[in-house]
Amino acid sequence: MEMKKRLVLPIDRGSPLPIYYQLKEALKQQIESGVLKPHELVPSERELEEAYHISRMTARRALEELEAEGYIYRVQGKGSFVAEPKIRQGLLWLTSFTEDMRERGMRAGAKVLKVKVVRDERVARRLGVDPGEEFVMLQRLRLADGEPMALETSYLRRRFCPGLEEHDFTDRSLYRTLQEEFGLRLGRAEQTVEAKVADEFEAKLLEVRPGTPMLSMERITYLDDGHTPIEYVRSVYRGDRYKLFVELKRR
Ligand code: GLP
């Protein structure tokens, strides 16, 4: 078997580390070092069971965790394959999803789930504006080369962009529209990132299993005067496809 020749995974039965964990870490190492390449077939549960004299449960657990962490993906009836490396998202610049994807040579797209004119006290409070103010609420599933990556719900202060709700955002950048159609210049944003797991709704839309790790982000965007809030966004990014990058300087 090809796998036996190439993949000699170090499993130490005397180690206090569980076997499934050792197997998972060993496979991870093979993926990270490029021995196993993106879209290459990963040994099946049965092959692992036979090659390493472990139980099927142990092999399954290792593969399940690798899948949840975004290292492999499964195709019904075909087996598990090595996933593409995660998308590395910098946290320094105020960029749009469209710009982020373009920079990576990927095509940004969206499935528009909801566009509505709303009043929302909680959002108004977050932005520090009048509780009766109108927002354009735009909920989109964001796609990269057709693959679902994030679920984003944006609230835009309608008084700055009346009629925004008439646009079709399937193939259109929100930030570009704000800039080009409404002459709004974005200046800065405040953003938080939290860990969460995908709930049923998110999992279905993002085509992952419920319980997959997610990056939950909240952003408040300001105009270029630095203090006029224009946008409130809640987004859920696939933690199996994304990692965040920040450069730190020593004080
Ligand atoms: C990113 C941000 C969102 C922002 C969006 C605009 O995804 N997380 O806060 O609303 O970009 O993207 P676009 O201009 O591609 O519609």
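The written sequence of each chain sets the order in which its residues are numbered from 1. In keeping with the model being predicted, local features are shown solely for residues with a pLDDT of at least 70 and side-chain atom pairs are shown and tallied solely at 80 or more, while totals for entire chains, interfaces and linings include all residues. Values reported for side chains reflect all heavy atoms of the structure, with hydrogen atoms and water molecules removed beforehand.

Novice: Outline the site of the ligand, listing residues and values.
Specialist: By convention in these notes, a residue is near a molecule or strand provided one of its non-hydrogen atoms lies within 4 Å of it. Around the ligand, the surrounding shell holds 14 residues, and the nearest of these are Thr98, Glu152, Ser173, Leu174 and Glu231. Polar contacts, as used here, are pairs of N or O atoms within 3.5 Å; protein pairs need one atom able to donate a hydrogen and one able to accept it. Residues neighboring in sequence count only if both atoms are side-chain atoms. Between an oxygen atom of the ligand and a side-chain N or O atom of glutamate 152, the distance comes to 2.6 Å. Measuring from an oxygen atom of the ligand, one finds a side-chain N or O atom of glutamate 231 at 2.7 Å. Starting from 400 Å² of accessible surface for the ligand in isolation, the protein chains cover 98%. The secondary structure listing takes helices from DSSP runs of H or I that are at least 4 residues long and strands from runs of E that are at least 2 residues long, numbered from the N terminus. Mapped onto the shell around the ligand, the elements with two or more residues apiece are helix 5 (97–103), strand 6 (134–144), strand 7 (147–157), helix 7 (174–180) and strand 10 (229–238). A total of three residues in the shell around the ligand trace back to one element, the largest contributor, which is strand 10. Of the residues belonging to the shell around the ligand, the class tally is five nonpolar, four polar and five charged. Method for areas: the Shrake-Rupley scheme with a 1.4 Å probe, in which residue coverage is limited to the protein chains shown. Think of it as three bins: nonpolar holds Ala, Val, Leu, Ile, Met, Phe, Trp, Tyr, Cys and Pro, charged holds Asp, Glu, Lys and Arg, and polar takes everything else, Gly as well.

Novice: Report on the domain arrangement of the protein, specifying residues and quantitative values.
Specialist: Throughout, the edges of the domains are those of an automatic or database domain assignment. Here the protein is partitioned into domain 1 (3–82) and domain 2 (87–245). For domain 1 and domain 2, the distance between their C-alpha centroids amounts to 36 Å. Residue-level contacts link five residues of domain 1 with four residues of domain 2. Together, Glu67, Ala68 and Gly70 form the three largest contributors to the area buried by domain 1 at its contact with domain 2, with a combined 80%. Note on definitions: salt bridges are taken to be side-chain nitrogens of Lys or Arg within 4 Å of carboxyl oxygens of Asp or Glu. Taken together, the connections running from domain 1 to domain 2 amount to one salt bridge. Taken together, domain 1 and domain 2 are joined by one residue pair in polar contact (both at pLDDT 80 or more). Note on contacts: a residue pair qualifies if any of its non-hydrogen atoms lie within 4.5 Å across the two residues. Once two parts are joined, some of their accessible surface, as seen by a 1.4 Å probe, is lost; buried area is that loss totalled over both.

Novice: I'd like a description of the sheet that holds strand 1 (residues 41–42), backed by residues and values.
Specialist: Sheet strands associate in pairs through backbone hydrogen bonding, adopting either a parallel or an antiparallel arrangement. Read from one edge of the open sheet, three strands run 1-3-2, paired in antiparallel fashion. With partners counted over all chains shown, the strands left at the sheet margins are strand 1 and strand 2 (72–75), one partner each. By this definition, two strands are paired if DSSP reports at least two bridges between them.

Novice: Lay out the packing of helix 3 (residues 45–52) against helix 4 (residues 56–68) with the relevant residues and their values.
Specialist: Where helices are involved, their axes are fitted lines through C-alpha atoms of the stretch in contact, as for all axes, and angles between N-to-C directions lie from 0 to 180°. It is at 8 Å that the axes of helix 3 and helix 4 come closest, and there the two elements cross at 125°. Taken as axis vectors, helix 3 and helix 4 run oblique relative to one another. Relative to helix 4, helix 3 is oriented so that their crossing is right-handed. Contacts from Glu45, Arg46, Leu48 and Glu49 in helix 3 reach Arg56, Ala59, Arg60 and Leu63 in helix 4. Classifying every residue of the contact of helix 3 with helix 4 gives three nonpolar, no polar and five charged. Small angles under 35 degrees read as roughly parallel and large ones over 145 as roughly antiparallel, with 65 to 115 read as roughly perpendicular and the rest as oblique. A crossing counts as left-handed when the near helix is turned anticlockwise from the far one by less than a right angle, and as right-handed when that turn is clockwise.

Novice: Before we move on, could you go through the packing of aromatic side chains and cite the residues and values that matter?
Specialist: In this description, an aromatic ring pair is defined by two values, namely the gap between the centres and the angle between the planes. When two rings of Phe, Tyr or Trp (its six-membered ring) have centres within 6.5 Å they constitute a pair, described as stacked for plane angles under 30 degrees, edge-to-face for angles over 60, and tilted for the intermediate range. Counted under the stated rule, the structure contains five aromatic pairs. Here tyrosine 237 and tyrosine 242 contribute two aromatic rings whose centre-to-centre distance is 4.8 Å and whose plane-to-plane angle is 75°, an arrangement assigned as edge-to-face. Pair check on accessibility: tyrosine 237 and tyrosine 242 agree, each one buried. A network of ring pairs unites the aromatic residues Phe135, Tyr155 and Tyr232 as a single cluster. We count a charge as sitting over a ring when the NZ of a lysine or the CZ of an arginine lies within 6 Å of the ring centre and within 35 degrees of the ring normal. Between arginine 61 and the ring centre of tyrosine 20, over which it is positioned, the NZ or CZ distance is 3.9 Å. For arginine 88, the ring lying beneath its charged end belongs to phenylalanine 245, and the centroid distance is 3.7 Å. Any residue under 20% of the maximum accessible area for its type is buried, any over 50% is exposed, and the rest in between are partly exposed; the area is computed with a 1.4 Å probe on protein chains only.

Novice: Could you give an account of unusual backbone geometry, naming the residues involved and the relevant values?
Specialist: We note that aspartate 145 has phi near 50°; this positive angle belongs to a residue other than glycine. Within the element layout of this structure, aspartate 145 appears in the loop between strand 6 and strand 7. Not every positive phi belongs to a glycine, and glutamate 207 is a case in point at roughly 60°. If you trace the backbone, glutamate 207 turns up in the loop between helix 8 (200–206) and strand 9 (213–223). Of the residues examined, glutamate 207 reaches a relative accessible area of 61% and is grouped as exposed.

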